[in-house]
Amino acid sequence: MSRVLVIDDEPSLRMVLDLALSGAGHEAVLAENGLKGLEKLDEGYKPDLVLVDLKMPKLSGKDFVMKLRSNPNYNDISVVILSGAMPGLEDFPPNDTYQGVISKPFDLNELLKLTESLCCTNDLLAVI
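Q: With reference to specific residues and values, describe the nonpolar core.
A: Leu5, Ile7, Val50, Val52, Phe64, Val79 and Ile81 are the most contacted members of the largest nonpolar core, which totals 22 residues. Among the elements of the structure, strand S1 (3–7), strand S2 (27–31), helix H2 (34–42), strand S3 (49–53), helix H3 (61–69) and strand S4 (78–83) are those that each provide at least two residues to this core. For this core, the leading source of residues is H3, giving 3 residues. Filtering out sequence-adjacent residues up to four positions away, Val79 remains in contact with Leu49, Val50, Val52, Val65, Leu68, Arg69, Thr97, Tyr98, Gln99 and Gly100.

Q: Tell me about the pairing of S3, and please be specific about residues and values.
A: Burial runs high along S3: 5 of the 5 residues are buried. Residues Leu49, Leu51 and Asp53 point to one face of S3 and Val50 and Val52 to the other, with burial holding for every one of them. Where S1 and S3 come together, 4 bridges link them in parallel fashion. In the sheet register, Leu5 faces S3, and the bridge partner there is Val50. With 5 bridges joining them, S3 and S4 adopt parallel strand pairing. When the bridges of S4 are listed, Asp53 appears paired with Leu82. Remark: the S3/H3/S4 crossover connection has right-handed handedness.

Q: A description of the pairing of S2 should follow, citing residues and the corresponding values.
A: Pairing analysis gives 5 bridges linking S1 to S2, with the strands arranged parallel. From the neighbouring strand, Ile7 faces S2, where its bridge partner is Ala31.

Q: I'd like to hear about the packing of aromatic side chains, residue by residue, with values.
A: Centre-to-centre distance and the angle between the planes together describe a pair of aromatic rings. Enumeration over the complete set of coordinates arrives at 1 aromatic pair. Seen from their ring centres, Phe92 and Tyr98 are 6.1 Å apart, and the 50° between their planes marks the pair as tilted. Of the two residues examined, Phe92 and Tyr98, each falls in the buried class.

Q: Which residues make up a nonpolar patch on the surface, and what values do they have?
A: Residues Met15, Val16 and Leu19 make up a contiguous nonpolar surface patch of roughly 280 Å² in combined accessible area. Position of Met15 relative to the elements: it lies in helix H1 (residues 11–23).

Q: Explain the pattern of salt bridges residue by residue, including any values.
A: What the rule picks out here adds up to 8 salt bridges. Glu27 is the partner of Arg3 in a salt bridge, and the nearest nitrogen-oxygen pair spans 3.1 Å. Here Arg3 is found in strand S1, whereas its partner Glu27 is found in strand S2, with 24 residues between them in sequence. With a relative accessible area of 26%, Glu27 lands in the partly exposed category. One salt bridge connects Lys104 with Asp53, and the closest N-O pair in it is separated by 3.3 Å. Pair noted here: Lys104 is in the loop between strand S5 (100–103) and helix H4 (108–120) and Asp53 is in strand S3, with a separation of 51 residues, a long-range link. What makes Lys104 partly exposed here is its relative accessible area of 21%.

Procedures and definitions
- Residues numbered from 1 in each chain as written.
- Predicted model: local features only at pLDDT ≥ 70, side-chain atom pairs only at ≥ 80, totals over all residues.
- Heavy atoms only, no water.
- Core = buried A, V, L, I, M, F, W, Y, C linked by side-chain atoms within 4.5 Å.
- Buried < 20%, exposed > 50% of the residue type's maximum accessible area, 1.4 Å probe, protein only.
- Helix = DSSP H or I, 4+ residues; strand = E, 2+ residues; numbered from the N terminus.
- Contact = heavy atoms within 4.5 Å.
- Pairing = 2+ DSSP bridges.
- Right-handed = clockwise from strand over helix to strand, strands pointing away.
- Phe/Tyr/Trp six-rings, centres within 6.5 Å; stacked < 30°, edge-to-face > 60°.
- Patch = residues over 30% accessible without salt bridge, like charges linked within 9 Å, V, L, I, M, F, W, Y side chains within 5 Å.
- Areas by Shrake-Rupley, 256 points an atom, 1.4 Å probe, with all protein chains shown as cover.
- Salt bridge = Lys/Arg side-chain N within 4 Å of Asp/Glu carboxyl O.

Take a look at the structure:
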């Protein structure tokens, strides 16, 4: 079982991802923005994977990823960006800070396949 931190400001998307990940045998913890995601980490939650939206209030996905990567304790956590934007835009963190991009809207089965891949290995870069 993998531990997945889902950070997205859309409640319905968080709910769908929670149900899908839980149904696939993963433990999902949900946060509505980057600040809440950091709080989960500060409370001691250590996920195998973070699924993070880019555009959110309070702390963007890009800023969340930059804060995550500034802490050496979290370097082994895989990160997948959930976004309607294309990689390379200024909303994205540097390429070497995340392992995948899932473009919204996305196929839930593809997201689950990528989750399985990244929870087993940290060296994959994928764009769906």
